[in-house]
Amino acid sequence: MSEANSQSVSLERVVVVYGGHSAEREVSLKSGAAIIDALQRQGVNVQGYDPREGGLVGLEKLAPTAVFVALHGRGGEDGTLQGALELLGIPYTGSGVLASALGMDKQRTKQVWQALALPTPESIMLDAQSDWAGVVAQLGLPLVVKPVHEGSTLGINIVDDQAALKAAYHDAARFDARVMAERFIQGGEYTVSLLDDQVLPAIRVEVPGGFYDYEAKYLTDTTEYHLPCGLSQEDEAALATLCQQAFAAIGGEGWGRVDVMRDSEGRFWLLEVNTVPGMTDHSLVPQSAAYAGIDFDQLVMRILRTAGQLSAS
């Protein structure tokens, strides 16, 4: 836990930071609005702040006693905001600088997991001069092409043949200068939310089209979220332990979400970590919390407490 986060913080002026400049701005605005409403219902003195309007200077002028980080993507989930808040001595929710930066970088997260022998699909970094045939030979087909520093499945494509690989690279490169190809895991998709030391019930995500993309996450009502997830008690416990290990490996704190695939042989494969997950009406953490008996307002207050031991003042 960061030094700022280890101190007792006050509810006197809580600021929810949301919006920002990233490609996930619209999702962040929805998350932030829901969080603000929840905190107001709990009687917290809260206001929202969009750093696109006044930057860090504008936030500092508000003199927050605690910041609820609801910025998704770069500029809020990648350690830059966390570092600024550290320098200002303002307690904030969630993971610190290092874990935030690592969690935002899918390739380096995988390298940490691989060093600890945690299962994650093999991947290759791509550029415009990549040997496309060589990539296919190493990873097989289908494979997944994704921006390294983007969330909400923006810029991600599943490639079924070599001819489509180059186009998928250029599509991902619109979002990020660093692009990776990853071995595709055929099977069930699971997501596990973590709240302090509690692992919330796993969700199995099922999409009619087979791809949990931006539309399936935030816009459509046809995506199915299975709670309970359908795993045996033993397998769900193993999944929970794996996700705790994955989150701890990058130094994650407070709350977060780990996304996992399960192959046809029953093996789990870690995909990525989200250190500032969505809090919209379609988001996964609130669904899992509700199934565990934690309503949205309680969830928001528990996340706020990850900024430190709150003192009501």
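Keep in mind the model is a prediction, meaning the values are calculated, not measured.

Draft legend 1. Expanded view of the environment of Thr-280. In this structure, Thr-280 sits in the loop between strand E14 (268-274) and helix H10 (284-291). Overall, Thr-280 belongs to the buried group, its relative accessible area being 8%. Here the alpha-carbon distance between Thr-280 and Leu-29, two residues 251 residues apart in the chain, equals 9.1 Å. Here the side chain of Thr-280 touches His-282 through a polar contact of 3.2 Å, landing on its backbone nitrogen.

Draft legend 2. Representation of the nonpolar core in the model. By size, the foremost hydrophobic cluster in this structure holds 25 residues, and its most contacted members are Val-14, Val-16, Ile-35, Leu-39, Phe-68 and Leu-299. Within the residue set of this core, elements represented by two or more residues are strand E2 (14-17), helix H1 (25-41), strand E4 (66-69), H10 and helix H11 (296-304). It is H11 that provides the largest number of residues to this core, a total of 5 residues. With residues near it in sequence (within four places) discarded, Val-16 still touches Gly-32, Ile-35, Ile-36, Leu-39, Val-46, Gln-47, Gly-48, Tyr-49, Phe-68 and Ala-70. Grouped together as the second largest cluster of nonpolar side chains are 21 residues, Val-192, Ala-202, Val-258 and Leu-270 included.

Draft legend 3. Structural view of the pairing of strand E9 (residues 187-195). The pairing of E9 with strand E13 (residues 255-263) spans 9 bridges and is antiparallel. Looking at the pairing, Gly-188 lines up with Arg-262 of E13. As judged from the 3 bridges shared by E9 and strand E11 (residues 203-206), these two strands associate in the antiparallel manner. By the bridge assignment for E11, Thr-191 is matched with Ile-203. Connecting E9 to the next strand, strand E10 (residues 198-199), in antiparallel fashion are 2 residues, including Asp-196 with a positive phi near 55 degrees.

Draft legend 4. Local environment of helix H2 (residues 51-61). By the burial criterion, the buried members of H2 are Pro-51, Gly-58 and Leu-59. Burial along H2 is one-sided: seen end-on, the buried residues are contained in an arc of 130 degrees. Along H2, exposed side chains directed more than 90 degrees from the buried face belong to Val-57 and Lys-61. Contact partners of the buried residues in H2: E2, strand E3 (46-49), E4 and helix H3 (80-88). At the N-terminal end of H2, a side-chain oxygen is found 3.0 Å from the backbone nitrogen of Arg-52, two or three residues along, and the residue is Asp-50. Looking at the residues trailing H2, positive phi occurs at Ala-63, about 50 degrees.

Draft legend 5. Molecular detail of the packing of helix H6 (residues 132-139) against helix H7 (residues 165-173). Here H6 crosses H7 at 95 degrees, and the two axes come no closer than 10 Å. Classified by the angle between their axes, H6 and H7 sit roughly perpendicular to one another. Every residue of H7 that contacts H6 at Trp-132, Val-135 and Val-136 is listed here: Leu-165, Lys-166 and Tyr-169. Broken down by class, the residue content of the contact of H6 with H7 amounts to 5 nonpolar, no polar and 1 charged.

Thresholds applied
- Residues numbered from 1 in each chain as written.
- Predicted model: local features only at pLDDT ≥ 70, side-chain atom pairs only at ≥ 80, totals over all residues.
- Heavy atoms only, no water.
- Helix = DSSP H or I, 4+ residues; strand = E, 2+ residues; numbered from the N terminus.
- Buried < 20%, exposed > 50% of the residue type's maximum accessible area, 1.4 Å probe, protein only.
- Polar contact = N/O pair within 3.5 Å; in protein donor to acceptor, adjacent residues only side chain to side chain.
- Core = buried A, V, L, I, M, F, W, Y, C linked by side-chain atoms within 4.5 Å.
- Contact = heavy atoms within 4.5 Å.
- Pairing = 2+ DSSP bridges.
- Arc of directions from axis to C-beta.
- Axes fitted to C-alpha atoms, helices over the stretch in contact; angles between N-to-C directions.
- Parallel < 35°, antiparallel > 145°, perpendicular 65-115°, else oblique.
- Nonpolar A, V, L, I, M, F, W, Y, C, P; charged D, E, K, R; others polar.

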